[in-house]
Amino acid sequence: MKNRRRELAEVRTALDALTQSGTDDPTILRELLEAVLMVGRGLELDQALQRIVEVAADVLDARYCALGVRGAELSLQAFVNTGIEPEIRQKMGPLPVGRGVLGELLHHPEVLRIRKLSDHPASVGFPPHHPPMDTFLGAPIIVRDELFGSIYLTEKQTAPEFTELDEKIVAVLAVAAGIAVDNARAFERAQARIRWMQVIADRGSEPLAGRQLDETLNGLCRDISALTGAIDVFVVTGNHVNGHTGAAPDVDGLLDVVDPGGEAVAGEMIERELHAGAHPWLRRGAHWVTVQPLQRGPDLLSAIVVTHASRRYWTGEEGAGLQGTARVASLALAYADQQQLERDLQMLEDRHRIGRDLHDLVIQRLFAIGMSLQTVQAGPESLDDRMDQVLRDLDATIAQIRTSIFDLQGLPGHSGAVTLRRRALDVVTQLAAHAPIVPSVAFHGPVDTLVPDVLAPHIEAVLREGISNALRHSGAEQIAIRIVADDVVTVEISDDGRGIPPDAVQSGLANLTCRAEECDGSFTVSSTPGDGTTLTWAAPLK
């Protein structure tokens, strides 16, 4: 509101000066009002600048009009013009940089009227193919008390030279141009903030959505390049390039830029000019580098590295946006580190569980085999039967060790998945924790890859029911479990106990029959009193 009141005061002052000059022609005032309104129409800065020169040339009857935008060190960084044909403009060479009379307005920002350009002390002449110009009128464009640029008019067409009235009119147009430029710049700043905020919001949510770290960081580099016109953008952490817009560069060369002498640790943006020949990652004419450090702690050097062909003058919105993307990259890296830590802890937990399984299901069986061998040594009268039993126990133990090795290796690409082997072994370990005997478990075929997840709960239920019954009711000395995967998955639980009495209630086994029918499979019970029991549950692999 304060800026708006100041702008209106500037317009009022310019109009008062125009009135005091004796101008009361309603036609001139109406045309000037229409020009002011036309200048202020629209919000795109490039369009506003072009509209300013066109309106000024029309109102002041000038053949040529131009607007120079002030750059660094009182030079011109942009130049908009009207009246010069495109083919002539191409022959004129580079745009003006602010020397001669054009530079006079940059050093002395006030209205300047010249009858003949070549007679002015600051005149330096024109480049080849430049159209001849004599009469001149210029005025500074002030935006928020700062010199934005100047408007230049030449070759008055309806009079020998520009008049004092033209000075007053161009002053009004310059104030209106300043307001239009201020509005357009405010609009562009708002649009820039929206674009940066959109990038920060979109990329910041990707880690939680399960996107891979390199996808997020590479996408962030592409976004920064699009918003800043960068040649290359890299995300560097430690001695590794985590994200980039092109082929990954030489890391060693980048580290020299990220933290020369500890500058980047402070977290402030750093800009410097480099020689491309000394740095192979400076590509496609890049010479200037901007380094925005990440928030990764003082012990790990990390930053976003942005390259440009020339020095980049960062606006407040761009600087804040780059800092915001640096925070997004820092959070993405921290989240990836946390996920890796959780995976490492899960792996350690799995190793501990597998070690427990080896102790509970294998070492005890080896101890029992050793006891059997001692018995054979003490009483050789039943040597053949006992050796057969020892060999069977050794085969079962080898199968158990193989199962544990498979479980230790896990599935490639499924480090976080709970495999069927693990689930089966967990059930056996849980049920046999306080039992006098330890069941043997054997897997045949690619159980973890062929058996779909939908069958896993049914297989767990079969194991729990069959093992519980064998441990509580069979009086068996041995319990063997086989899980086989080929065309169907088969779960077999056998024991050498007393068998199932004919009058036994089989509610649990009936549930297993229902589960088999639900999976289009089968369930059978083979039991002979005094000769053990075998439960066989099978389901097709869909």
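Residues numbered from 1 in each chain as written. Predicted model: local features only at pLDDT ≥ 70, side-chain atom pairs only at ≥ 80, totals over all residues. Heavy atoms only, no water.

For the rest of this paragraph, the subject is the pairing of strand 6 (residues 232-237). With respect to burial, strand 6 is a largely interior element, 6 of its 6 residues being buried. The two faces of strand 6 match: Asp232, Phe234 and Val236 on one face and Val233, Val235 and Thr237 on the other face are all buried. Strand direction decides the pairing type here: strand 6 and strand 10 (residues 302-308), joined by 6 bridges, are antiparallel. Considered in strand 10, the bridge of Val236 is made with Ala303. As consecutive antiparallel partners, strand 6 and strand 7 (residues 240-244) are separated by 2 residues, and within that stretch Gly238 has a phi angle of approximately 60°, a positive value. (Buried < 20%, exposed > 50% of the residue type's maximum accessible area, 1.4 Å probe, protein only. Helix = DSSP H or I, 4+ residues; strand = E, 2+ residues; numbered from the N terminus. Pairing = 2+ DSSP bridges.)

Glancing now at unusual backbone geometry. Of note, Glu155 is a non-glycine position whose phi angle comes to about 65°, a positive value. In this structure, Arg284 takes a positive phi of about 50° despite not being glycine. Position of Arg284 relative to the elements: it lies in the loop between strand 8 (270-273) and strand 9 (288-293). Its relative accessible area of 58% is what places Arg284 among the exposed residues.

Moving on to the nonpolar core. Core analysis: the largest hydrophobic core is formed by 33 residues, its most contacted members being Val451, Ile459, Leu463, Ile483, Val491 and Trp537. If you list the elements that add at least two residues to this core, you get helix 11 (420-431), strand 11 (440-444), helix 13 (456-474), strand 12 (479-485), strand 13 (488-495), helix 14 (507-518) and strand 15 (533-540). Sort the elements by how many residues they give to this core and helix 13 lands first, with 6 residues. In contact with Trp537, other than residues within four places in its own chain, are His458, Ile459, Val462, Val489, Thr490, Val491, Leu512, Arg515, Ala516, Cys519, Ser522 and Phe523. Formed by 30 residues, the second largest nonpolar core is a distinct cluster that contains Ala57, Val59, Val143 and Ile151. (Core = buried A, V, L, I, M, F, W, Y, C linked by side-chain atoms within 4.5 Å. Contact = heavy atoms within 4.5 Å.)

What follows concerns the sheet that holds strand 8. The antiparallel open sheet is built from 5 strands, whose spatial order is 7-6-10-9-8. Every other strand in the sheet has two partners, leaving strand 7 and strand 8 as the edge strands with one partner each. Pairs of neighbouring strands in the sheet enclose a mean axial angle of 25°, with direction left out of account. Contacting strand 6, strand 7 and strand 10, helix 7 (residues 213-228) crosses the sheet at an angle of about 60° to strand 7. (Axes fitted to C-alpha atoms, helices over the stretch in contact; angles between N-to-C directions.)

This model, assessed by the stated rule, comprises 1 aromatic pair. Taken together, a centroid distance of 6.2 Å and an interplanar angle of 35° make the contact between Phe136 and Tyr152 tilted. Separated by 16 residues along the polypeptide, Phe136 in strand 4 (residues 136-143) and Tyr152 in strand 5 (residues 146-156) bring together distant segments of the chain. When its relative accessible area of 2% is taken as the criterion, Phe136 is described as buried. Here Arg312 stacks its cationic end above the ring of Trp314, 5.2 Å away from the centre of that ring. (Phe/Tyr/Trp six-rings, centres within 6.5 Å; stacked < 30°, edge-to-face > 60°. Lys NZ or Arg CZ within 6 Å of the ring centre and 35° of its normal.)

With that settled, the discussion passes to the pattern of salt bridges. Throughout the structure, instances matching the rule amount to 17 salt bridges. Put simply, Glu206 and Arg211 hold a salt bridge, and the shortest N to O gap is 3.5 Å. Judged by relative accessible area, which is 10%, Glu206 ranks as buried. Across the pair Glu460 and Arg423 runs a salt bridge, and its minimum N-O distance is 2.6 Å. Of this pair, Glu460 sits in helix 13 while Arg423 is found in helix 11, placing the two residues 37 residues apart along the sequence. The class of Arg423 is partly exposed, set by a relative accessible area of 26%. Taken together, the shared-partner salt bridges in this structure form one network comprising Arg203, Glu206, Arg211, Glu215 and Asp223. (Salt bridge = Lys/Arg side-chain N within 4 Å of Asp/Glu carboxyl O.)

The mixed open sheet is built from 5 strands, whose spatial order is 11-12-13-15-14. On the outer flanks of this sheet lie strand 11 and strand 14 (522-527), each paired with one strand and no other. Each adjacent strand pair in this sheet contributes to an overall mean axis angle of 10°, direction not counted. Note: strand 11 against strand 12, 5 bridges, orientation parallel. Bridging from a neighbouring strand, Ser440 pairs with Ala480 of strand 12.

Take the packing of helix 3 (residues 45-59) against helix 6 (residues 164-205) next. Contact geometry for helix 3 and helix 6: axes closest at 9 Å, N-to-C directions at 170°. Between helix 3 and helix 6, the angle falls in the class roughly antiparallel. In contact with Leu45, Ala48, Leu49, Ile52, Ala56 and Val59 of helix 3, helix 6 contributes Ile169, Leu173, Ala177, Val181, Ala184, Arg185 and Glu188. The residue inventory of the contact of helix 3 with helix 6, partitioned by class, reads 11 nonpolar, no polar and 2 charged. (Parallel < 35°, antiparallel > 145°, perpendicular 65-115°, else oblique. Nonpolar A, V, L, I, M, F, W, Y, C, P; charged D, E, K, R; others polar.)

Attention now goes to the environment of Gln50. Counting through the fold element by element, Gln50 comes out in helix 3. Note on Gln50: relative accessible area 27%, which makes it partly exposed. As a C-alpha pair, Gln50 and Phe79 span 29 residues in sequence and 9.8 Å in three-dimensional space. Not counting residues up to four positions away in its chain, the partners in contact with Gln50 are Val80, Asn81 and Thr82.

A grouping of Leu341, Leu345, Met347 and Leu348 is seen on the molecular surface, where their side chains present a nonpolar patch of about 380 Å² in accessible area. Turning to its location among the elements, Leu348 is positioned in helix 9 (residues 316-378). (Patch = residues over 30% accessible without salt bridge, like charges linked within 9 Å, V, L, I, M, F, W, Y side chains within 5 Å. Areas by Shrake-Rupley, 256 points an atom, 1.4 Å probe, with all protein chains shown as cover.)

Assignment of secondary structure puts His120 in the loop between strand 3 (112-114) and strand 4. Exposure remark for His120: the relative accessible area of 19% places this residue in the buried category. Not counting residues within four places of it along the chain, the set of residues in contact with His120 comprises Val101, Glu104, Leu112 and Ile114.

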